[in-house]
Amino acid sequence: MTGDLKEGRIVVVGASLAGLRAAEALREEGFTGSLTVVGDEPHPPYDRPPLSKQVLLGLAAADTTGLPMRRDPDAEWRLGVRATGLDPLGKRVMLADGESLPYDRLLIATGTRARPWPNPQEAALDGVFTLRTREDAGGLAERLAAGPRRVLVIGGGFTGSEIASACRERGLDVTVAERGPAPLVGALGGTLSKLAAAMQRNHGVDLRTGVTVTALRGDDSGRFTRAELSDGSRVEADVCVVALGAVRNVEWLADSGLAAGPRGIACDAGCRAFNMYGIVTDDLFVAGDVSRFPHPLFGYQMLSLEHWGNAVEQAGVAAHNMVSPGPLRRPHLALPTFWSTQFGLNIKSVGVPTFSDHVVIAQGSLEARRLAMVYGYQGRVTAAVTVDMAKSLDYYRHLIETAAPFPPPPGAADRALAADIPVPSDVPDPKRLSHGPTVALTGYLPDRRLTVVRPNG
């Protein structure tokens, strides 16, 4: 950025949670220059977690989920227009309407979109939905309110499980098809996923695990009527929700030279983007679901997170570093946290459960359906998940932050840990899942395949 760090031109590409919070933080940090926020949706920033909960239950309309502004970021909002390219040398962002925006510093916060059903003709059947946008939630809520005979949910991750929970709360018959051995196994491992499976079945869900949906079928008028499964069975339904995880919005960066791939855009702990050769840039920053960043508490693995809290925290760090000189920049070290409410259970997590080799129940029990499960990796605590026991989470957060030994010492535990022998965490290979994990450990290397060209001589 030329001149004073508090002046110049900043462009934020992505007008959802991370983009909004970054724009607000830039002003709070004293940035007085030109600020432009680009978003491909026509709406101002809105909150996504209520879409799979209150909106589907009919407790809130999809158009009432707007995010409150903590302060007016005094930005030019370019909504309903997509970014189509980036010229890092000329420092310009190309837009779908033919315009290009100059910048001194750029924040990429383009997030994710729902992974579509792979067969476009089947995906276009009337009654087949994904759930990501306001329009998705509004259309699906309308169909659920009409009382379909059965809803098929493809994918047993958090989104799929929350959709199934909303269907049962509405009194609708629902089938969940999951390629893995149990719902939520990709996020929580084998032990807790068994509890999730039991809860779904106890609430009347027709849960099919270890199967894939091979085809979606419709009638002569193009309405979805049934699905065919890999075990030879069929599910007759009026509504199908495809909950196969998310796709990171990086295609527009294909020719930018950045380390952008299917798992996101690689950046350092200060949110500065890497180029495809692993060289850190100084004017391109990344935040939110589209980022892929190292965390020292998890072996410096590059993490890809789809968490509300991470988007907020990372946006603040990125904004601070965009307008601060090097010695004053700070790292993004917040612990990943997420929560879910489904089938009467309140599930909260801190740390990275998939970064584990063993687990132990430190409080409560599976039988009581109220517990705190602690995850460990190579002898230290790396995560904790509580079920209807959220008040204990801060204690386990401290254990993770201080690299406490695993199994954890007595403290918050309400019974002797000696009685609980750690068992393998049973985290599956993501390839065994039909949904994408909300936390992905993506190794140390950029996704991009490189051809190394040696200079002559």
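Residues numbered from 1 in each chain as written. Predicted model: local features only at pLDDT ≥ 70, side-chain atom pairs only at ≥ 80, totals over all residues. Heavy atoms only, no water.

### Section: helix 1 (residues 17–28)
For clarity, the threshold we go by: Helix and strand assignments follow DSSP, with helices taken as H or I runs no shorter than four residues and strands as E runs no shorter than two, numbered in order from the N terminus. Expected helix span is taken as 1.5 Å per residue step, with the number of steps being one fewer than the number of residues. Residue exposure (1.4 Å probe, protein chains only): buried if accessible area is under 20% of the type maximum, exposed if over 50%, otherwise partly exposed. Contacts are residue-level and defined by heavy atoms, with any inter-residue pair within 4.5 Å sufficient.
Between the first and last C-alpha of helix 1 there are 16 Å, a value that for twelve residues agrees with the 16 Å anticipated at 1.5 Å per step. The buried fraction of helix 1 is high, at eleven of twelve residues. Every buried residue belonging to helix 1 is among Leu17, Ala18, Gly19, Leu20, Arg21, Ala22, Ala23, Glu24, Ala25, Leu26 and Arg27, and all of these are buried. If you follow the buried residues of helix 1, they end up packed against strand 1 (9–13), strand 2 (34–39), strand 3 (76–79), strand 7 (105–108) and helix 7 (308–322). Phi turns positive, to about 95°, at Gly30, one or two residues after helix 1.

### As for the pairing of strand 10 (residues 151–154)
Filter applied, for reference: In short, DSSP must find at least two bridges between two strands for them to pair.
Burial of strand 10 is two-sided: the residues Val151 and Val153 facing one way and the residues Leu152 and Ile154 facing the other way are all buried. As judged from the four bridges shared by strand 10 and strand 11 (residues 174–178), these two strands associate in the parallel manner. If you follow Ile154 over to strand 11, its bridge partner there is Ala177. Where strand 10 and strand 16 (residues 239–242) come together, four bridges link them in parallel fashion. Bridge pairing links Ile154 to Val242 in strand 16.

### Here we look at the sheet that holds strand 4 (residues 83–87)
Basically, it comes down to this: As a rule, the C-alpha atoms of each element are fitted with a line to give its axis, helices using only the stretch in contact, and angles between N-to-C directions run from 0 to 180 degrees.
The three strands lie next to each other as 4-5-6, forming an open sheet whose pairing is antiparallel. Each edge of the sheet is formed by a strand with only one pairing partner; in this case those strands are strand 4 and strand 6 (100–102). Strand after strand, the sheet turns through a mean of 20° between neighbouring axes, direction not considered. Here strand 4 pairs with strand 5 (residues 92–95) via four bridges, running antiparallel. When the sheet's bridge partners are listed, Ala83 is paired in strand 5 with Leu95.

### A word on empty space enclosed by the protein
Quick note on the threshold: Points on a 1 Å grid, built from protein atoms alone, make a cavity when a 1.4 Å probe fits but cannot get out and make a pocket when they are open with protein on both sides within 12 Å along at least 5 of 7 lines; residues with an atom within 4 Å of a point are the lining residues. Grid points are joined across faces, edges and corners, and a volume is the space filled by probe spheres set on the points. For this scheme, ten residues count as nonpolar: Ala, Val, Leu, Ile, Met, Phe, Trp, Tyr, Cys and Pro. Four count as charged, namely Asp, Glu, Lys and Arg, and the remainder, Gly too, count as polar.
Going through the model one piece at a time under the given rule, you end up with one cavity of 30 Å³ or more. For the largest cavity, the full set of lining residues is Leu184, Leu188, Leu192, Leu195, Ala196, Met199, Gln342, Phe343, Leu345, Ile347, Val385 and Val387. Elements with a minimum of two residues in the lining of the largest cavity: helix 6 (190–202), strand 25 (345–351) and strand 28 (380–387). In terms of residue count, the dominant contributor to the lining of the largest cavity is helix 6 (four residues). Looking at side-chain class alone, the lining of the largest cavity contains eleven nonpolar, one polar and no charged residues.

Taken by themselves, the reported measurements are silent on function.
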